[in-house]
Amino acid sequence: MSRTLRAAAVTGCAALALGLLPLGATAAAAPADPARTVLPAGDGWGSAEGGVTGGAAADRAHVFTVTDRAGLVAALGDRDPTPKIIRIRGTVDVNTDDAGRPLGCADYAVDGYTIEEYLAAYDPAVWGWDREPEGPVEDARHASQLAQRERVRLSVGSNTTIIGEGRDARLLGASLSVQGAENVIIRNLTLEDAADCFPSWDPTDGQHGNWNSEYDAIELRGARHVWIDHNTFTDGRNPDSGLPHYFGRLYQQHDGLLDIVRGSDLVTVSWNVFREHDKTMIIGNGDGAGADDRGRLRITLHHNLFHNVNERAPRVRFGQVDVYNNHYRQDAGARFGYSWGVGFESHLVAEHNAFTLARGTTADRVVRPFNDGQSMTERHNWFNGRPVDLLGAYHATGAARTIGDDAGWTPQLRTRVDHPAAVPVLVGLFAGAGRGIG
């Protein structure tokens, strides 16, 4: 850490200790029961046009404490929009049967599916490279995937708060789907290993083919007014480094950690940890989705830690996305592709962020455009302890695609903006599950 960065960090910590630099309005405005905390006014795009209250208005009959999958499914109530608070206590493993017994991948396999038969059927040496798998073996894989989906994908309805109790609340294997719902809060949870037992092989995906999986830890699809706060997202016990390679490609069992797609709007993502993952966060999942996404996907990301994530932190299409005061940390040996993906008709503003990347990783790799003619606003960001013009570093490589320097809008909804030199310490102290919530 440079002398300047160390001094700024110490100053920030001292101010926190004296109460002069509060941990955002979330802590200052929190009621006695954190489960009834609402998104503070002015805290990102989620606070616009009515804000986010989740289940804060829930009566006693709609406050639940759950310790297993059956209890969680019952509490979610088949997307009942009645205001509700769901407290998660301990570890809830969703790969379990109705009696709570653990389920493994073999338990979901149907129609005789085995990975050995699948590999034999679709080996490119046999099947070729110019068409996607089809036929009875692929049908069996898909049916098996749907069997697992019935267990692990959980639908969240409107006017819901889901919050972890204490410091060790964990959802294991779950994919929370907030589809077509409004006014949802998810806080203080570790969301671990939303793994797909049955990835599909696509030889036409890229130059060398790819394995593709289902299930994001959280997916917002057509959702509005959502606050995702103080959670930890991780592959945990099942990292990519432990997965096999087939046909020369990683047998990828993980999709996104937090994907925000298909007309979702007015979302604040604050004080979370995203750790040890590949395709981290996509905002807008198709160049052809303009009918749903144009004029929506207004998202704020602030005070999050992105630690050893390979890409998509985030990748943006269409949306007005405000990314500020986040810390991007990459350890030696960890894969790093890029952080900010500038996609089709995106309007990304990235300011006052801090990067602490491994020696040899250069500043020009932070930004990656995916289309010609894109623009973003990039200012006041620090790279390895000093201010760096990240767009300038990108253009200095002589890249074929240029990126304009004006996203076309100016963020207004920020409760606080910290100096990027202090961000690594602040985020390190307070981001993630079990931290910063009363």
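Residues numbered from 1 in each chain as written. Predicted model: local features only at pLDDT ≥ 70, side-chain atom pairs only at ≥ 80, totals over all residues. Heavy atoms only, no water.

In the nomenclature of an unreviewed UniProt entry, the chain is known as Polysaccharide lyase family 1 protein of Streptomyces cheonanensis. The UniProt entry for the chain carries this comment under Subcellular location (unreviewed entry): "Secreted". (UniProt positions renumbered as here; feature names shortened; annotations may be inferred.)

**Considerations on the pattern of salt bridges**
Per the counting criterion, the structure on display carries 26 salt bridges. Ionic pairing is found between E134 and R131, a salt bridge with its closest N-O pair at 3.8 Å. Relative accessible area serves as the criterion here: at 53%, E134 is assigned to the exposed category. Between D229 and R187 there is a salt bridge whose closest N-O contact spans 2.8 Å. You can see D229 sitting in strand 13 (residues 224-229) and its partner R187 sitting in strand 8 (residues 182-187), a full 42 residues away along the chain. Look at D229 and you get buried, because its relative accessible area is 0%. The exposure class of R187 is buried, given its relative accessible area of 3%. (Salt bridge = Lys/Arg side-chain N within 4 Å of Asp/Glu carboxyl O. Buried < 20%, exposed > 50% of the residue type's maximum accessible area, 1.4 Å probe, protein only. Helix = DSSP H or I, 4+ residues; strand = E, 2+ residues; numbered from the N terminus.)

**Things to note about the packing of aromatic side chains**
Per the stated rule, a full pass over the model turns up 23 aromatic pairs. Here the aromatic rings of Y113 and F198 are separated by 5.4 Å at their centres, their planes lie at 80°, and the arrangement is edge-to-face. Placement of the pair is Y113 in the loop between helix 4 (105-108) and helix 5 (115-122) and F198 in the loop between strand 9 (190-192) and strand 10 (200-202), with a sequence separation of 85 residues. Three or more aromatic residues joined by ring pairs form one cluster here, namely Y113, Y118, Y122, W127, W129, F198, W201, W211, Y246, F247 and Y251. Lying across the ring of F370, R315 places its NZ or CZ 3.7 Å from the centre. Its end group placed over the ring of Y324, R414 keeps NZ or CZ at 4.5 Å from the ring centre. (Phe/Tyr/Trp six-rings, centres within 6.5 Å; stacked < 30°, edge-to-face > 60°. Lys NZ or Arg CZ within 6 Å of the ring centre and 35° of its normal.)

**Some remarks on the UniProt feature "domain: Pectate lyase" (unreviewed entry) in the chain**
As recorded in UniProt, the sites labelled "domain: Pectate lyase" (unreviewed entry) are residues 108-361. The span residues 108-361 is 13% helix and 39% strand, and its two end C-alpha atoms sit 42 Å from each other.

**Observations regarding the sheet that holds strand 33 (residues 403-404)**
Strand order in this open sheet of 11 strands is 1-2-5-8-13-18-21-24-27-30-33, and the pairing throughout is parallel. With one partner strand each, in any of the chains shown, strand 1 (63-66) and strand 33 form the two edges of the open sheet. Here strand 2 (residues 84-88) runs beside strand 5 (residues 160-164); their pairing, made up of five bridges, is parallel. Bridging across to strand 5, K84 finds its partner in T160. Packing against the sheet, helix 3 (residues 69-76) makes contact with strand 1, strand 2 and strand 5, and its axis sits at approximately 170° to strand 2. (Pairing = 2+ DSSP bridges. Contact = heavy atoms within 4.5 Å. Axes fitted to C-alpha atoms, helices over the stretch in contact; angles between N-to-C directions.)

**Here we look at the state of the cysteines**
When the sulfur atoms of two cysteines share a covalent bond, that bond is a disulfide. In this structure the tally under the stated criterion is one disulfide. A sulfur-sulfur separation of 2.1 Å characterises the disulfide bridge that pairs C105 with C197. Its S-S torsion of approximately -75° makes the covalent link between C105 and C197 left-handed. Note that C105 is positioned in helix 4 and C197 in the loop between strand 9 and strand 10, a separation of 92 residues in sequence. (Disulfide = S-S within 2.5 Å.)

**Digging into the sheet that holds strand 25 (residues 327-329)**
Read across the sheet, 10 strands follow the order 3-6-9-14-19-22-25-28-31-32 without closing on themselves; strand pairing throughout is mixed. A single partner strand is all that each edge strand has here, and the edge strands are strand 3 (91-93) and strand 32 (386-387). Bridging between strand 25 and strand 28 (residues 354-356) involves three bridges; their strand directions are parallel. Looking across to strand 28, one finds that H327 is bridged to A354.

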